[in-house]
Amino acid sequence: MKLAISYPMSLRLTAAAALGLTTAVAFAQDVQIVRIAHAGPTSGGIAHIGKDTENGVRLAIDELNAQALVIGGKKIKFELAAEDDAGDPRQATTVAQKLCDSHVAGVVGHLQSGTTIPASMVYNKCGLPHITAAATNPDVTKHGYPTTFRLIANDNALGAALAYFAHDALKLKTVAVIDDRTAYGQGLADVFKATAQQKGMRIVAEEFTNDKATDFMAILTAIKSKKPDAIFYGGLDAQAGPMLRQMEQLGMSNVRYFGGDALCTEKLPELSSKAGTLKNVTCATGGASVQKMQGGAAWKKKYDARFPGQFQIYSPYAYDATFVLADAMKRANSVDPKVYVPFIGKTHYKGVTANIAFTSKGELTQPSVTLYTYKDDVRAALN
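No experiment lies behind these values; they were computed from the predicted model shown.

Caption draft 1: Looking closely at the sheet that holds strand S14 (residues 369-375). Sheet architecture is open: 7 strands sit in the order S8-S7-S9-S10-S11-S14-S15, paired in mixed fashion. Two strands bound the open sheet, and with one partner strand each, they are strand S8 (202-208) and strand S15 (378-381). Neighbouring strand axes in the sheet, compared pairwise and without regard to direction, differ in orientation by 25 degrees on average. Docked against the sheet, helix H5 (residues 155-169) engages strand S9 (230-234), strand S10 (256-259), strand S11 (281-286) and S14, running at close to 145 degrees with respect to S11. Strand contacts of helix H6 (residues 183-198): strand S7 (174-179), S8 and S9, with the helix running at about 165 degrees to S7, the strand carrying the most contacts.

Structure follows, in structure tokens:
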């Protein structure tokens, strides 16, 4: 005969609680923290651009976590590993090695070509994927590293588009070229110059500065004597702003001004003190304007609600880059870079910025370019 034993209610509740605690612990252990890094300049003269891209990653991570993804049988919680490379190539390689050593799952960055190119070598050695949302020098993907991807058109497209517009649309005949001697600025200037010359434009002056300069009076005075129809500047908004202000001071109010994506920011009017020369600016960015992106209007509303007054230019691309990494992890069913990196190259992802797919070198298969000017001190798309 079996003897029925009745346990006191308090003991039964304690046992149930213990069982619940064990289950909760087991559940907690099934949640895996996956860190995605952002690397870019969040200090210094272009910190506003770096913070904008970091914001894009933050927004994406919040939305990914709301999806409660399960990868490799574990619930995934994404976290941001934010690193400041200060726009310095040496610091960028230090940051890259730190991210390799700390075993983050992927990197969105870096911002500039001069930091992205040396950092890409470090990432390639440790097998860590990175997607730049901003660096445009063609050399970024020249080595064909399987860990390097770009989510924006490169300088070959940007520089050529500006030269075509200067010649074909504006009928300009002469131009002076200035660059900041960085990989980005010099590379973009070289493409513009070569295309302009092919179109029959004459380069009347070539000058250079650096990405920390603020006084351009000597350079501009020398250029003024050559009476160019336009100036092309390969560099950042932190230098373009003061340059435009000093052009106005020198009476160069009728000289057109061209530049790439790194000066084509929402902050340029402020940096130029809203100089009258701002209306002469034509600048190019890789990709569609946020207003014309397939998910741009709704995305911008979300961004502005979370980061009011901080939008510049690259954050939608950083946002998409984060989702591209997560999408590859889902398709690979792994957050291990060694496993999921090959899946990035096979991406077919409908992002906010575009339908994203990559060539064998990590470039977009269908990059686009948008030209902008500034009307009433506000950036406005021309196409």
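Caption draft 2: Focus on the packing of aromatic side chains. Following the criterion strictly, the structure yields 10 aromatic pairs and no others. Between Tyr303 and Phe307, the ring centres sit 5.3 Å apart and the planes meet at 50 degrees, which makes this aromatic pair tilted. For Tyr303, a relative accessible area of 0% translates into the label buried. Feature note: the residues Trp299, Tyr303, Phe307, Phe311, Tyr319, Phe323 and Tyr349 constitute an aromatic cluster, connected by ring pairs. A cation over a ring is seen here: Arg181 above Phe208, with NZ or CZ 4.6 Å from the ring centre. A cation sits over an aromatic face here: Lys346 above Phe343, 5.7 Å from the ring centre.

Caption draft 3: Structural detail: the UniProt feature "domain: Leucine-binding protein" (unreviewed entry) in the protein. Using the residue numbers shown here, the UniProt feature "domain: Leucine-binding protein" (unreviewed entry) corresponds to residues 34-374. The span residues 34-374 carries 41% helix and 20% strand; its end-to-end C-alpha distance comes to 41 Å.

Caption draft 4: Summary view of the environment of Met329. With respect to the element layout, Met329 can be found in helix H11 (residues 315-332). Taking the relative accessible area as the measure of exposure, Met329 reaches 0% and is therefore buried. C-alpha separation for the pair Met329 and Gly144, spaced 185 residues apart in sequence, amounts to 21 Å.

Caption draft 5: Region of interest: the pairing of S8. Sheet topology places S7 next to S8; 6 bridges connect them, and they run parallel. Residue pairing for S8: Ala176 is matched across the bridge by Ala205. What joins S7 to S8 is H6, and the crossover it makes is right-handed.

Caption draft 6: Representation of the state of the cysteines. What the rule picks out here adds up to 2 disulfides. Across a sulfur-sulfur distance of 2.0 Å, Cys100 and Cys126 are joined as a disulfide pair. Residues Cys100 and Cys126 share a disulfide whose torsion about the S-S bond is about -55 degrees; that sign makes it left-handed. Highlighted residues: Cys100 in helix H3 (residues 89-101) and Cys126 in helix H4 (residues 113-126), separated in sequence by 26 residues. Residue class for Cys100 comes out buried when judged on its relative accessible area of 10%. Between the sulfur of Cys264 and that of Cys283 lies a disulfide, 2.1 Å long from S to S. Disulfide Cys264-Cys283: torsion about the S-S bond near 55 degrees, hence right-handed. Of this pair, Cys264 sits in the loop between S10 and helix H9 (268-271) while Cys283 is found in strand S11, placing the two residues 19 residues apart along the sequence.

Caption draft 7: Just the pairing of strand S4 (residues 106-109), in detail. By the alternation rule, side chains of S4 split into Gly106 and Val108 and Val107 and Gly109, which are all buried. For S4 and strand S5 (residues 130-132), the ladder comprises 2 bridges, and the chain directions are parallel. Bridging across to S5, Val107 finds its partner in His130. Of the crossover connections in this fold, the one passing from S4 over H4 to the parallel S5 is right-handed.

Reading the values: the criteria
- Residues numbered from 1 in each chain as written.
- Predicted model: local features only at pLDDT ≥ 70, side-chain atom pairs only at ≥ 80, totals over all residues.
- Heavy atoms only, no water.
- Pairing = 2+ DSSP bridges.
- Helix = DSSP H or I, 4+ residues; strand = E, 2+ residues; numbered from the N terminus.
- Axes fitted to C-alpha atoms, helices over the stretch in contact; angles between N-to-C directions.
- Contact = heavy atoms within 4.5 Å.
- Phe/Tyr/Trp six-rings, centres within 6.5 Å; stacked < 30°, edge-to-face > 60°.
- Buried < 20%, exposed > 50% of the residue type's maximum accessible area, 1.4 Å probe, protein only.
- Lys NZ or Arg CZ within 6 Å of the ring centre and 35° of its normal.
- UniProt positions renumbered as here; feature names shortened; annotations may be inferred.
- Right-handed = clockwise from strand over helix to strand, strands pointing away.
- Disulfide = S-S within 2.5 Å.

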